[in-house]
Amino acid sequence: MSEDELIWRIAGGSGDGIASTSQNFAKALMRAGLHVFTHRHYPSRIRGGHTYVEVRASADPVKSRGDGYNFLLALGDSFARNPQEGAYYGNEEIKPLSENLDELREGGVIIYDEGLVDTDDIPNFEERVEENNWHVYPLDLRTLAREKGREVMRNTAGVGATCAITGIDLEWIEELMADAMPEKILEPNVEILNEAYEQVSEEYNVDAPDISVPEGEHDEKQLLMSGSDAIAYGAIDEGCRFIAGYPMTPWTEVFTIMSQNLPDLGGISEQVEDEIAAAALAIGASHTGVKAMSGSSGGGFALMGEPLGLAEMSETPLVLVEAMRAGPSTGMPTKPEQADLEHVLYSSQGDSHRVVLAPGTVQEAYDHARKAFELAYKYQIPSIVLYDQKLSGELTNVPASHFDREPNPDIGKTLTEDELAEQPHTEDGKFHRFQHDVDDGVSPRSVPGQKGGRFLVTGNEHSPAGHISEDPDNRVAQVNRRFEKMDAIRADLDGDSLLTPHGPDEAEYGILTFGSQQGTVEEAVDRLNDRGHSVKQLTVGELAPYPVDAVEAFVESVDEVLVVEMNASAQFRGLTQKELGRYGEKLSSLLKYNGNPFEPEEVVEGFVTSIVEDGELPGHETKFVPAAGD
């Protein structure tokens, strides 16, 4: 963390308004001209349980959560379970303070709600405060909120106290509140905000901490967005007008955003009984000529294996999104992990074929969603957008101009009735929907209701007209044609690459990653080069078909490659070695799978300790797996 940035962590219980308060605070800082990036940590509970959100703010662009933080607003958990003596979960009321001390930087600030949190219940609290030179501000935020409005408004009081200590102009907060709140709750919230600001300014030395908010200015309009927002809006802009799904964290956010917007666009959203039905409905909608999607997470996506195979065999365009979380089974539903890679690549039956894209940033989430639809409908194939809980929920500012593009309602190689009349048909009038000899393996299709467009659809292998067929020659011809699409897609992606290089071209070492680790690794690479190391990075956003030539060139250009990913089995490294067919001696792994994403300094430490110094990583946060033969 540099001195010219604020990393503010607000902690409380689920249901205490932590997410909404942090989002509004981040948006206010963005409007004030700063770049922001958020990170959220929350339990798999509706009410209660320690949750926090970090807001990192800087005058310079930020790509990742920081290393630790320097300002804590600990509200306590107002929905804590009864803290009986010896209870398994302990005293939950104090956890928003007690469980956030280890990462608070020396010289940092603590504001805590003494109306709910008693520091006598936290072992060695005073000693730790003195040892780390923390600046502590106990405030009875609960009483202040109750006197002026409702208890939940203690969040607003905490923001007012934060502004007093950091020098944030209340005008930015008040403007945002005026935009977001109805009049009847706006007035007490503004009163509480100002009273907390004045109380802290009068009763405490707010100049004691060496922490302030930098000044910044944006060159153009900014939007505060998550990866879920971007995927949903990318799908809408690419013409998606149907979605079916079943709620499951963290995919639910995309489903919710789509469901809120599609009715106003003439589209349809259906919540169904399970994920099998969701994917099947999307296939049906796509069969009728509508751009359609579905999605899920982990175990929910497992249920989609059968309809996914149907989409591949029937060559029905389909977009699925898979939001990874820590597994297997229920696992840790609200924690990020990248361990569904192999699941998504190989789920379903037989020699399956699909596109798998993995965005690394909010901007890429929008781009990849649009590309997934483009490829799915151009090549009549399922496309999957693979992301995780981290990218799903983290918020960052994005230039509004990034989304200033034309919509694309095109549904691919679909024939008109006049064109259908020129196509081959069986004697009884069935259209040859699955022709053997076609360009790029893509046989033109019709939609139901077109004259001359009638054909059969089945999950069995089939003849050109769709009749079930077990003829060996037909089988080979159909399989070969379907796989021709993958070569054509690879050529298509080579011309519009979704790979993201970073760092000096002539670097000695390389770091390879995919998905949401992109920004964190980029910041780590910058630090490594600033400290005298020679490192570059490649983030791979195209997982199927795999960009063999580009990745091989990257690996060939350096002495060693560290593969960074959030799982325990090095799945991305395994995919890379499988696709390249060699380089096992050059690829080592840095893994993390404890439910928290990498911090930039963890990648720096992992590289220096394991690659440069050939040492062992301390602690248990990350794990190094050496190259084959080492």
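The paragraphs below set out a description of the structure included in this document. (Residues numbered from 1 in each chain as written. Predicted model: local features only at pLDDT ≥ 70, side-chain atom pairs only at ≥ 80, totals over all residues. Heavy atoms only, no water.)

**Considerations on the side chain of Arg 56**
Stated formally: Under the DSSP-based scheme used, a helix requires at least four consecutive residues in state H or I and a strand at least two consecutive residues in state E, with every element numbered from the N terminus. Any pair of N or O atoms that falls within 3.5 Å is considered a polar contact. Within protein, one atom must be able to donate a hydrogen and the other to accept it, and sequence-neighbouring residues count only if both atoms are side-chain atoms. Working rule for contacts: check all heavy atoms of both residues, and any pair within 4.5 Å makes them a contact.
Structurally, the position occupied by Arg 56 is in strand β3 (residues 50-58). At 3.0 Å, the side chain of Arg 56 forms a polar contact with the side chain of Glu 523. Not counting residues within four places of it along the chain, the set of residues in contact with Arg 56 comprises Glu 5, Leu 6, Ile 7, His 35, Val 36, Phe 37, Val 62, Ser 64, Arg 65, Gly 66, Glu 523 and Arg 527.

**Some words on the sheet that holds strand β17 (residues 535-540)**
Short version of the rule: Strands qualify as paired when DSSP identifies two bridges or more between them. Working convention: axes come from line fits to C-alpha atoms, limited for helices to the stretch in contact. Angles between N-to-C directions cover 0 to 180 degrees.
Across the sheet, which stays open at both edges, the 6 strands sit in the order β15-β17-β16-β19-β20-β21 with mixed pairing between neighbours. The open sheet has two free edges, formed respectively by β15 (500-502) and β21 (623-625), since each of these has just one partner strand. Going from strand to strand, the sheet's axes swing by 20° on average, the running direction of each strand aside. Relative to strand β20 (residues 587-591), strand β19 (residues 560-565) runs parallel, the two being bridged by 5 bridges.

**Looking at the nonpolar core**
To keep things clear, this is the line we draw: Only buried residues count toward a nonpolar core. Its members are Ala, Val, Leu, Ile, Met, Phe, Trp, Tyr and Cys residues joined through side-chain atoms within 4.5 Å. Only protein chains enter the accessibility calculation, which uses a 1.4 Å probe; a residue whose area is less than 20% of its type maximum is buried, one above 50% is exposed, and one in between is partly exposed.
Trp 251, Met 258, Met 293, Leu 512, Val 540, Leu 543 and Phe 572 are the most contacted members of the largest nonpolar core, which totals 87 residues. The element best represented in this core is helix α14 (residues 362-379), accounting for 10 residues. Once residues lying within four places of it in the same chain are set aside, the contact partners of Met 258 are Ala 232, Ala 235, Ile 236, Cys 240, Ile 243, Pro 263 and Met 293. Counting 46 residues, the second-largest nonpolar core is a separate cluster that includes Leu 34, Leu 73, Met 153 and Leu 170.

**Thoughts on helix α3 (residues 125-132)**
Keep this limit in mind: An arc is given here, and it is the one of the directions from the helix axis to the C-beta atoms.
Taken together, the buried positions of α3 are Phe 125, Val 129 and Asn 132. Projected down its long axis, α3 carries its buried residues within an arc of 85°, all on one side. The outward face of α3, more than 90 degrees from its buried face, is lined by the exposed residues Glu 126, Glu 130 and Glu 131. Residues of α3 that are buried make contact with α2 (95-98), β5 (104-113) and β6 (135-139). Once α3 finishes, Asn 133 follows within two positions and takes phi at roughly 55°, a positive value.

**Describing the packing of helix α5 (residues 154-166) against helix α7 (residues 183-203)**
The angle between the axes and the distance between the axes are what describe a pair of packed helices. Put simply, the rule is: Oblique is the label for every angle not falling under 35 degrees (roughly parallel), over 145 degrees (roughly antiparallel), or within 65 to 115 degrees (roughly perpendicular). Should the near helix be turned anticlockwise from the far one by less than a right angle, the crossing is termed left-handed; should it be turned clockwise, right-handed. Gly is placed with the polar residues, together with every amino acid not listed as nonpolar (Ala, Val, Leu, Ile, Met, Phe, Trp, Tyr, Cys and Pro) or charged (Asp, Glu, Lys and Arg).
Here α5 crosses α7 at 40°, and the two axes come no closer than 7 Å. Taken together, the axes of α5 and α7 lie oblique to each other. Regarding α5 and α7, the two cross each other, and that crossing is right-handed. Facing α5, whose interface residues are Thr 156, Ala 157, Val 159, Gly 160, Ala 161, Cys 163, Ala 164 and Ile 165, α7 presents Asn 189, Ile 192, Leu 193, Ala 196, Tyr 197, Val 200 and Ser 201. Here the residues of the contact of α5 with α7 are counted per class, giving 11 nonpolar, 4 polar and no charged.

**With respect to the sheet that holds strand β12 (residues 355-357)**
In spatial order, the strands read β9-β8-β10-β11-β13-β12-β18; together these 7 strands make up an open sheet with mixed pairing. Both outer strands of the open sheet, β9 (268-271) and β18 (542-544), are each paired with one neighbouring strand and no more. With direction set aside, neighbouring strand axes in the sheet form an average angle of 20°. Relative to β9, strand β8 (residues 242-245) runs parallel, the two sharing 4 bridges. Across the sheet, residue Ile 243 finds its bridge partner in β9, namely Ser 269.

**Structural notes on the environment of Phe 554**
Within the fold, Phe 554 resides in helix α19 (residues 548-556). Judged by relative accessible area, Phe 554 falls into the buried class, the value being 8%. Between the C-alpha atoms of Phe 554 and Ser 516, which are 38 residues apart in sequence, the distance is 20 Å. Sequence-distant contacts of Phe 554, that is, excluding residues within four places in its chain, are made with Gly 510, Ile 511, Leu 512, Lys 536, Gln 537, Leu 538 and Val 561.

**Concerning the packing of α14 against helix α17 (residues 472-495)**
One way to put it is that α14 packs onto α17 with a least axis distance of 11 Å and a crossing angle of 140°. Considering their axes alone, α14 and α17 lie oblique with respect to each other. You can see that α14 and α17 cross each other, and the crossing is right-handed. In this structure, α14 uses Lys 371, Leu 375, Lys 378 and Tyr 379 to contact α17, whose residues at the interface are Lys 485, Ala 488, Ile 489, Asp 492 and Leu 493.

**Section: a negative patch on the surface**
Applicable threshold: Like charges within 9 Å and nonpolar side chains (Val, Leu, Ile, Met, Phe, Trp, Tyr) within 5 Å are joined into patches, using only residues over 30% in relative accessible area that form no salt bridge. All accessible areas in this document rest on Shrake-Rupley with a 1.4 Å probe, and a residue is counted as covered only by the protein chains that are shown. Any carboxyl oxygen of Asp or Glu within 4 Å of a side-chain nitrogen of Lys or Arg constitutes a salt bridge here. Charge convention: Lys and Arg are scored as positive, Asp and Glu as negative, and His as well as the terminal groups of each chain are ignored. Where a charge sits is defined by one atom per residue type, namely NZ (Lys), CZ (Arg), CG (Asp) or CD (Glu).
Taken together, the side chains of Glu 106, Asp 118, Asp 120, Asp 121, Glu 126, Glu 127, Glu 130 and Glu 131 define an acidic patch exposed on the protein surface. Within the element layout of this structure, Glu 130 appears in helix α3. Exposure remark for Glu 130: the relative accessible area of 69% places this residue in the exposed category.

**Topic: helix α1 (residues 18-31)**
To keep it simple, the criterion reads: Expected span of a helix: the number of residues minus one, times 1.5 Å.
A rise of 1.5 Å per residue sets the reference length of α1, with its 14 residues, at 20 Å; its end C-alpha atoms lie 20 Å apart and thus fit the reference within 8%. Within α1, the full set of buried residues consists of Ile 18, Thr 21, Ser 22, Phe 25, Ala 26, Ala 28, Leu 29 and Met 30. Just downstream of α1 lies Gly 33, where phi reads positive at about 105°.

**Points about the pairing of β6**
Worth spelling out the cut-off: By definition, the crossover connecting two strands over a helix is right-handed if that path, from the first strand to the second, turns clockwise as seen with the strands pointing away from the viewer.
Only one face of β6 is covered, namely the face carrying His 135, Tyr 137 and Leu 139; the face carrying Val 136 and Pro 138 is uncovered. Here β5 runs beside β6; their pairing, made up of 5 bridges, is parallel. Bridge pairing links Ile 110 to Val 136 in β6. Handedness of the crossover is the feature at issue here: the chain leaves β5, passes through α3, returns alongside β6, and the resulting connection is right-handed.

**A short note on the environment of Ala 292**
Along the chain, Ala 292 turns up in strand β10 (residues 292-296). Taking the C-alpha atoms as reference points, Ala 292 and Tyr 379, 87 residues apart in sequence, are found 15 Å from one another. Every residue in contact with Ala 292, bar those within four places of it in the chain, is listed here: Cys 240, Phe 242, Ala 282, Ala 285, Ser 286, Leu 318, Val 319, Phe 373 and Tyr 377.

By themselves, these observations are geometric and do not establish any function.
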